[in-house]
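# Residue-level structural notes
Listed below, chain by chain, are the residues.
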Amino acid sequence: MNIIETSIDTGSAAFKENRELMLKLVEDLRSEVRKAREERSEKARRRNAELGKLPVQKRLDLLLDPNTPWLEIAPLAARGMYEGDVHGAGSRAGIGVIHGREVVVHANDPMIKGGTVYPMGVKKTLRIQTIAMENRLPVVMLVDSGGAYLPLQSEIFPDVDDGGRIFYNQALMSKMNIPQITAVMGMCTAGGAYIPAMSDHVVHVNKTGAIFLGGPPLVKAATGEEVTADELGGAMVHCQESGVSDYFAENDAGALAIIRDLVSSLPEIRKSEIPRRAPLEPLYDPHELYGIIPKKVSTPYDVREVIARLVDGSEFLEFKALYGPTLVCGLAYIHGYQVGILASNGILFSNSALKATHFIQLCDRQGVPMLFLQNIAGYIIGREYERGGITKDGQKMVSAVATATVPKLTVIIGASFGAGNYGMCGRAYSPRFLWMWPNARIGVMGGEQAAQVLVSVKNEQLAREGQPPLAPEAVEMIMQPIIDEADKMGNAYYSTANLWDDGILDPAKTRDALGLAISASLNAPIAERDRGFGTFRM
Ligand code: COA
């Protein structure tokens, strides 16, 4: 493999300017994540302490092996939604290590509106379950929730991807032999009662944990019976009488210790094998990425400079280096794992789409995970390219991406527009994980282009009616709101709040997230490689 040669001048004015801006974006990101983890009302803190419950961070600390990596998922889900304080959509989630075994953990935060589940909370739970299913990871749930956030019940309950899907998935996971361990550390009310009930193992904390289909207020309203939560569905009821729970724990710490024992008793698995070698730091400092990524997503740069700061030893075996230069493909290692990289280096032309299709086939056959570095304005348009069959060449690439069976990972490092999002393995193409960089933008097209399209549609309508085109002020009135909306809805925070991604990454830490994600993905078998692809339109 060759070491990528850099042509970056770290002393240049452009580098310094880019760096300033990215440093600010990264600082904002850190402070947003800190706020999501820590900002809780005094009232909620007091209540949690009164009940003798540990804060979520402490629960995670006791659950996971000390000093092991934690790959947090969607820490900024629901950011800016609802009243603005439903941090992380009301829960913490991630992939952590228990007795050396990678597991998915999902913990309600009772200090956020009693741990109730908002619409984004349902979406986050479904995402966690998808990650568990695709990567065959055991699931640990620390339940402490008032159930559905009742004022928004119509957005949580009735549809296919609403609350019921969570329990449906639990049944499927059990059938798939994905272990599910639940600790009842607070309320599991109504639908929430099915989270432990549908799990394989249930640990129940005395006094604070309760499971019931209808809580005390509902029982009183329905039957007049006065009963406490503990009498109705506490640990003694369910461990001694009903048999709903399996393990009795005196307190939070005791429950977490039992979960650790349960994980250590799970049958060992053999992770999938992919080509590996000893891990190596990149030759160039990943922090230099701050100065390399241009201020504007539309400014072109050589994506090899990014690859050089993500991969081991900055070594890269580039595939078809001289052909289809707007997509850079090749093999590299990240934290010792071999990956096939597809990195945008401009708009996708027919030759770059064909090169991608060829490279995806190779990775799939060789069982090599793929990493998509997405910075794409779309596929090329225009008469010449339509005649050249850009649509059918795009089809081959999109089809290959959709049907490849090796783990796929995507990082949106700049723009993610149009069908380029599809070909470069956007969310709908089921990458095992997808992240944004803080500078990234996503949408059907940029706001400016969208606004121009609408202005020209309007002008054509007027021309058909024999009227003059829009005056400059009218153009402005059409364009500005569309540009503003696209700006707001196309940024990384909007994306992550809506769970269009698994989180925003600091570019300098991306390599570590990728290493953890590849490792997690290998818990699932890599599917038979002779499954082939769909029809390629020739
Ligand atoms: N929907 C909307 N808001 C809810 C809620 C629900 N299901 N359950 C609790 N909340 C809100 C409370 O109104 C309170 O809001 P505030 O901080 O703005 O005053 C906050 O969550 C905390 O609730 P509180 O009762 O003060 O805290 P707690 O720790 O003593 O008890 C619960 C938490 C969840 C055990 C308790 O609130 C409860 O039993 N809720 C009802 C559960 C239920 O019946 N759910 C059925 C839905 S499936």
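Preceding this section is the structure that the text describes.
Now for a look at the structure at hand.

What counts, and where the lines are drawn
- Residues numbered from 1 in each chain as written.
- Predicted model: local features only at pLDDT ≥ 70, side-chain atom pairs only at ≥ 80, totals over all residues.
- Heavy atoms only, no water.
- Helix = DSSP H or I, 4+ residues; strand = E, 2+ residues; numbered from the N terminus.
- Rg over C-alpha atoms; globule rule 2.2 N^0.38 Å.
- Contact = heavy atoms within 4.5 Å.
- Areas by Shrake-Rupley, 256 points an atom, 1.4 Å probe, with all protein chains shown as cover.
- Lys, Arg positive; Asp, Glu negative; His and termini not counted.
- Charge placed at Lys NZ, Arg CZ, Asp CG, Glu CD.
- Buried < 20%, exposed > 50% of the residue type's maximum accessible area, 1.4 Å probe, protein only.
- Pairing = 2+ DSSP bridges.
- Right-handed = clockwise from strand over helix to strand, strands pointing away.
- Expected span 1.5 Å × (residues − 1).
- Arc of directions from axis to C-beta.

### Topic: the overall build of the chain
Looking only at helices and strands, one finds 20 helices and 16 strands in the chain. Compactness check: the chain gives a C-alpha radius of gyration of 25 Å against a globular reference of 24 Å for 538 residues, within 12% of the reference. Each principal axis of the C-alpha atoms in the chain carries an extent, and together these give about 75 × 65 × 50 Å. By sequence separation, contacts in the chain at least 24 residues apart represent 75% of the contacts at least 6 residues apart. When the accessible area of the chain is evaluated, it comes to approximately 24,100 Å², of which 55% is carbon and sulfur surface. For the chain, the distance from the average position of its 55 positive side-chain charges to the average position of its 62 negative side-chain charges is 3 Å.

### So, the pairing of strand β5 (residues 139–145)
Two faces, one strand: in a regular strand the side chains alternate between the faces of the sheet. Among the seven residues that make up β5, seven are buried, leaving the element largely enclosed by the rest of the structure. Along β5, one buried face is formed by Val 139, Met 141, Val 143 and Ser 145 and the opposite face, lined by Val 140, Leu 142 and Asp 144, is buried too. Relative to β5, strand β4 (residues 101–108) runs parallel, the two being bridged by four bridges. Paired with Val 105 across the bridge in β5 is Val 140. In this fold, β4 hands off to helix α4 (residues 119–135), which returns the chain to β5; that crossover is right-handed. As defined by bridge partners, β5 adjoins strand β6 (residues 180–189) across six bridges and the pair is classed as parallel. Paired with Val 140 across the strands is Ile 181, a residue of β6.

### With respect to helix α17 (residues 447–464)
With 18 residues, α17 ought to run about 26 Å at 1.5 Å a step, and its terminal C-alpha atoms sit 26 Å apart, in line with that. Residues of α17 that are buried include every one of Gly 447, Ala 450, Ala 451, Val 455 and Leu 462, and no others. With its buried residues spanning 135° around the axis, α17 presents them on a single face. Away from the buried face of α17 by more than 90 degrees, exposed residues Glu 460, Ala 463 and Arg 464 are located. Turning to α17, the residues buried within the fold contact α18 (472–489). Of the residues one or two after α17, Gly 466 is the one with positive phi, at around 75°.

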